[in-house]
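Descriptive analysis of the structure
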Amino acid sequence: MFVRWSAAIAAVALLSGPALAQGTKPTDPQIAHIAYTAGVIDINAAKQAVKKARSKDVKAFAEDMVRDHEAVNKQALALVKKLKVTPEDNDTSRTLSKQASDKLAELDKLKGAAFDKAYVENEVAYHKTVNNALETQLIPSSSNAELKNLLQTGLKIFQGHQQHAEHVAAELK
Amino acid sequence: MPGRLSSTVTAVVFATMVVPAHAATIQITMENLEISPAEASVKIGDTVEWINKDVFAHTATAKGGDFDVGLPAKKSGTTVVKKAGIVEYYCRFHPNMKATLKVVP
Ligand SMILES: [Cu+2]
């Protein structure tokens, strides 16, 4: 329980962290960077799971994540190119990446059913965190209409993934 | 005579099983993770065609297991409805995508 709470608090602190705090809204170049980074993180986690997962459902879920997030990020790249926006690294992106690489290392030590469970639980938590950030920070802060649109599609995809991950987690029990 | 009767019976039974002459194709679109129309009325024997306009793969999967149609990005897929009733279906990849088919005889 303690571990769960501290993870939840860390996740909240992370997304209201330095870059987004103090009432300063992230800029479109920062938002684009955060959204893209969030996708890359899930792709990397999924690639690890494709290799390590024991359960057929978990492996299939991971393959879905690679496919969908690559498609979203491809659209994001096309959009920033069109808008001539250069995604700008920021504290939120850096914190997300650092936390993700710690998680990859942690999951790397697990095997079989223990890995499957930990990966899927983290997918549920991760998508929840990202959805919350999209809804409360990134979408309201974005100023370009096309970027906002893409983030809204991203939110629907991520919400779908969260539900899918919850189903897979329930099946594992 | 019994032979003729049974072939007549067979013909009648067969006639009620084949696709009715008025069978239609009903198109349902999936775009931006939304299914529209979310509620469609169809008749037994009609073909339902789902058109996936997204760059993401979706599925049209009946809750009761009546059909599970894979819809790769920018592709469509079909099923022929075979029994009456209300069929709820969703996308396996994005279970927040949900819709209903009302199948009437
Ligand atoms: Cu879908």
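Along each chain, numbering runs from 1 in the same order as the chain's sequence is written. Whichever chain is written first becomes A and whichever ligand is written first becomes 1, with later ones labelled in order. Local features are withheld for residues below a pLDDT of 70 in this predicted model, meaning they are given only at 70 or higher, and side-chain atom pairs are given and counted only at 80 or more; totals for whole chains, interfaces and linings count all residues. Water and hydrogen atoms were dropped before computing side-chain values, which therefore reflect all heavy atoms in the structure.

- The name recorded for chain B in an unreviewed UniProt entry is Amicyanin, from Bradyrhizobium hipponense.

1. Details of helix α5 (residues 112-141) of chain A
- Runs of H or I in DSSP of at least four residues are treated as helices and runs of E of at least two as strands, each being numbered from the N terminus. Helix span, as expected, comes to 1.5 Å for every residue beyond the first. Between its first and last C-alpha, α5 of chain A extends 41 Å over 30 residues, near the 44 Å set by a 1.5 Å rise per residue.
- Fitting axes to the seven residues ending at a residue and to the seven starting there, one defines the bend at that residue as the angle between these axes. The sharpest bend along α5 of chain A comes to roughly 45 degrees, located at L134 of chain A.

2. Some points on the nonpolar core
- Here, the term nonpolar core denotes a set of buried Ala, Val, Leu, Ile, Met, Phe, Trp, Tyr and Cys residues that are joined through side-chain atoms within 4.5 Å. Type-normalised accessible area, obtained with a 1.4 Å probe on protein chains alone, sets the label of each residue: buried when under 20%, exposed when over 50%, and partly exposed for intermediate values. Counting residues in each nonpolar core, the largest one holds 46 residues, and the members touching the most others are I28, W50, A60, F67, Y89 and L101 of chain B.
- Examining the composition of this core, we find that six residues originate from one element, helix α6 (residues 145-172) of chain A, more than from any other.
- Judged by nonpolar contacts, the second largest core, of 17 residues, contains V58, M65, V66 and F115 of chain A.

3. Comments concerning the pairing of strand β5 (residues 58-62) of chain B
All names here are of chain B.
- With five of five residues buried, β5 lies mostly within the body of the structure.
- Alternating residues of β5 divide into H58, A60 and A62 and T59 and T61, and every residue in both groups is buried.
- Pairing between two strands requires that DSSP report at least two bridges joining them. Summarising the sheet, β5 and strand β6 (residues 68-71) pair through four bridges and their orientation is antiparallel. Looking across to β6, one finds that A60 is bridged to V69.
- Once β5 ends, the chain turns through five residues before running back antiparallel as β6, passing G65 with a positive phi of about 90 degrees.
- In terms of strand pairing, β5 meets strand β8 (residues 85-90) through two bridges, oriented antiparallel. In the sheet register, T61 faces β8, and the bridge partner there is Y90.

4. Thoughts on the sheet that holds strand β9 (residues 98-104) of chain B
Residue and element names in this part refer to chain B.
- With mixed pairing, five strands are arranged side by side in an open sheet as β3-β9-β8-β5-β6. Strands with a single pairing partner mark the edges of an open sheet, and in this sheet they are β3 (39-43) and β6. Going across the sheet, the axis of each strand differs from the next one's by a mean of 20 degrees, ignoring polarity. For helices, the axis comes from a line fit to the C-alpha atoms of the stretch in contact; other axes are also lines fit to C-alpha atoms, and the angle between any two N-to-C directions lies between 0 and 180 degrees.

5. Some details on the coordination of the copper ion
Residues and elements named next belong to chain B.
- Only N, O and S atoms count as donors, using a 2.8 Å limit from the metal and a wider 3.2 Å limit for Na, K and Ca, and since water is excluded some coordination spheres may look unfilled. At the metal site, the copper ion is ligated by H58 (ND1), C91 (SG) and H94 (ND1), and these contacts range over 1.9 to 2.2 Å.
- Sequence spacing of the donors to the copper ion: H-x32-C-x2-H. Remark: C91 occurs in the loop between β8 and β9 and H58 occurs in strand β5; sequence separation between them is 33 residues. By the burial criterion, H58 is buried, and C91 matches it.

6. Re the pattern of salt bridges
Residue and element names in this part refer to chain A.
- The salt bridge definition used is simple: a Lys or Arg side-chain nitrogen within 4 Å of an Asp or Glu carboxyl oxygen. Going through the model one piece at a time under the given rule, you end up with 14 salt bridges over all chains.
- When the shortest N-O distance is used, the salt bridge between E146 and K82 registers 2.5 Å. Residue E146 is found in helix α6, and its partner K82 is found in helix α3 (residues 56-83); the two are separated by 64 residues along the sequence.
- A residue is classified by how much of its surface remains accessible, and E146, at 35% relative accessible area, is partly exposed.
- Note that D89 and R94 form a salt bridge whose closest N and O atoms lie 3.4 Å from each other.
- Judged by its relative accessible area of 45%, R94 is partly exposed.
- What you see here is one network of salt bridges that share partners, running through D89, D91 and R94.

7. Describing the environment of A45 of chain A
Residue and element names in this part refer to chain A.
- With respect to the secondary-structure elements, A45 resides in helix α2 (residues 28-52).
- Measuring from C-alpha to C-alpha, the distance between A45 and N122 comes to 9.6 Å, with 77 residues separating the pair along the chain.
- Residues are treated as being in contact if the distance between any of their heavy atoms lies within 4.5 Å. When residues no more than four places from it in sequence are discounted, the contact partners of A45 are L104, Y119 and E123.

8. So, the interface of chain A and chain B
- Taken together, the contacts link 15 residues of chain A with eleven residues of chain B.
- Buried area, as used here, totals the accessible surface that two parts lose on assembly, with accessibility defined by a 1.4 Å probe and the loss added over both. Here chain A meets chain B over a buried area of about 1200 Å², counting both sides, of which 59% is carbon and sulfur.
- Remark: the boundary between chain A and chain B carries one salt bridge.
- A salt bridge links K156 of chain A to E34 of chain B; its shortest N-O distance comes to 3.0 Å.
- A 3.5 Å cut-off defines polar contacts: any pair of N or O atoms within that distance qualifies, except that in protein one atom must be a possible hydrogen donor and the other a possible acceptor, and neighbouring residues in sequence count only when both atoms are side-chain atoms. Inspection of the chain A/chain B interface yields seven residue pairs in polar contact (both at pLDDT 80 or more).
- Counting only elements with at least two residues in the side of chain A that touches chain B, the list comes to α3 and α6 of chain A.
- For the side of chain A that touches chain B, the leading source of residues is α6 of chain A, giving nine residues.
- Gly counts as polar in this scheme, as do all residues outside two lists: the nonpolar Ala, Val, Leu, Ile, Met, Phe, Trp, Tyr, Cys and Pro, and the charged Asp, Glu, Lys and Arg. Among the residues forming the side of chain A that touches chain B, the class breakdown is three nonpolar, eight polar and four charged.

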